[in-house]
Amino acid sequence: MNITTEPVETYIDTLYKPLSEELEAFRARAENDGIPIILKSTEMFLLNLMNIKRPTNILEIGTAVGYSTACFAKKVKGCNVTSIELDEETHQKAVRNISALNLAERVTVLQGDAETVIREQLSDQTFDFVFIDAAKSHYKRFFDAAVTVCADGALLISDDILLKGGTASDSYIRSRRHLTNIRKMREYLAYLSSLSYADTSFVPMGTGIAITVLGKRG
Ligand code: SAM
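J.: Describe the site of the ligand, naming the residues involved and giving the relevant values.
T.: In the neighbourhood of the ligand, 19 residues make up the surrounding shell, with Ile 38, Gly 62, Glu 85, Asp 113 and Asp 133 lying closest. Note that a nitrogen atom of the ligand is positioned 2.9 Å from one of the side-chain N or O atoms of Ser 68. Take Glu 85: an N or O atom from its side chain is 2.5 Å from an oxygen atom of the ligand. For the ligand, the accessible surface in isolation is 610 Å², of which the surrounding protein chains cover 88%. When each cavity is represented as a set of grid points, the ligand is found to reside in the largest pocket. Counting only elements with at least two residues in the shell around the ligand, the list comes to helix H4 (67–75) and strand S2 (80–85). Per-class residue counts for the shell around the ligand are 11 nonpolar, four polar and four charged.

J.: Any details on the layout of surface pockets? Residues and values, ideally.
T.: Looking at the largest pocket, its volume works out to about 690 Å³. Secondary structure elements with two or more residues in the lining of the largest pocket: helix H1 (6–14), helix H2 (21–32), helix H3 (40–53), H4, S2 and helix H7 (139–147).

J.: Tell me about the packing of H2 against H4, and name the residues and values.
T.: Where H2 contacts H4, the two axes come as close as 10 Å, and the packing angle between them is 165°. Regarding the angle of H2 to H4, the classification is roughly antiparallel. For the crossing formed where H2 meets H4, the hand is left-handed. Of H4, the residues touching H2 (which contributes Glu 22, Leu 23, Phe 26 and Arg 27) are Tyr 67, Ala 70, Cys 71 and Lys 74. Counted by class, the contact of H2 with H4 contains five nonpolar, no polar and three charged residues.

J.: Requested: an account of the environment of Pro 18, with residues and values cited.
T.: Of note, Pro 18 is situated in the loop between H1 and H2. Take Pro 18: its relative accessible area is 29%, and that puts it in the partly exposed class. Here the alpha-carbon distance between Pro 18 and Met 44, two residues 26 residues apart in the chain, equals 8.9 Å.

J.: Residues and numbers for the sheet that holds strand S5 (residues 150–159), please.
T.: Pairing is mixed across the open sheet formed by seven strands, whose spatial order is S3-S2-S1-S4-S5-S7-S6. With one partner strand each, in any of the chains shown, strand S3 (107–111) and strand S6 (198–203) form the two edges of the open sheet. Strand after strand, the sheet turns through a mean of 15° between neighbouring axes, direction not considered. Inspection of the sheet shows S2 paired to S3 by five bridges, in the parallel sense.

Criteria and thresholds
- Residues numbered from 1 in each chain as written.
- Predicted model: local features only at pLDDT ≥ 70, side-chain atom pairs only at ≥ 80, totals over all residues.
- Heavy atoms only, no water.
- Near = heavy atom within 4 Å.
- Polar contact = N/O pair within 3.5 Å; in protein donor to acceptor, adjacent residues only side chain to side chain.
- Areas by Shrake-Rupley, 256 points an atom, 1.4 Å probe, with all protein chains shown as cover.
- 1 Å grid on protein atoms, 1.4 Å probe; cavity = no way out; pocket = protein on both sides within 12 Å on 5 of 7 lines; lining within 4 Å.
- Sits in = over half its atoms within 2 Å of the grid points.
- Helix = DSSP H or I, 4+ residues; strand = E, 2+ residues; numbered from the N terminus.
- Nonpolar A, V, L, I, M, F, W, Y, C, P; charged D, E, K, R; others polar.
- Points joined across faces, edges and corners; volume = space filled by probe spheres on them.
- Axes fitted to C-alpha atoms, helices over the stretch in contact; angles between N-to-C directions.
- Parallel < 35°, antiparallel > 145°, perpendicular 65-115°, else oblique.
- Left-handed = near helix turned anticlockwise from the far one by under 90°.
- Contact = heavy atoms within 4.5 Å.
- Buried < 20%, exposed > 50% of the residue type's maximum accessible area, 1.4 Å probe, protein only.
- Pairing = 2+ DSSP bridges.

Here you go:
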């Protein structure tokens, strides 16, 4: 279930244009395999944000099989994309998929926990667009690490922030299993809104996204 109603999401999907036939086939394969890739509506929104921002160095936290990674690299001509995936087997699949799409020259897929990889392997880089789409209870950790490698003015997008509505209201919580994720997501969103050096919009589209723009830091 998404936080928008099914008819709304279905209608927006009818307006979706895949970037290429290859990516259309890639999306279909990933969806058939049950891989949790970005919704079509979120993809359209992110790619249009990239039209506005025109990033040169993109960081993605949570690669899965590399679908969104490939979309970013295809959409923004000449940009570099670094994506981090925890699971070894999934990381290998992503590397193969990126290579099959001839994007390996501009896309690096790293394996490991995103915070550790950022702090240990990416500290000499500067990113201007970050997409956070991994373990929901670790978003604050990912965000704080990402900020250390971001330029002033960078855009950081956090996906799935509304957790099927549970973040907004207890009445949407369907299982006690989700309580920790929901508590941590609420803390994360409160943290984002409290930051003195950044502005965040909380957008109830798809599964919910937060758009943070970094200002000047001390
Ligand atoms: N962004 C992808 C897309 O739209 O095509 C989907 C990513 S999927 C929702 C989330 C991925 O984050 C999973 O493949 C998971 O293994 C990975 N992940 C979970 N915890 C992580 C961590 N600590 N560091 C890096 N990746 C992690």
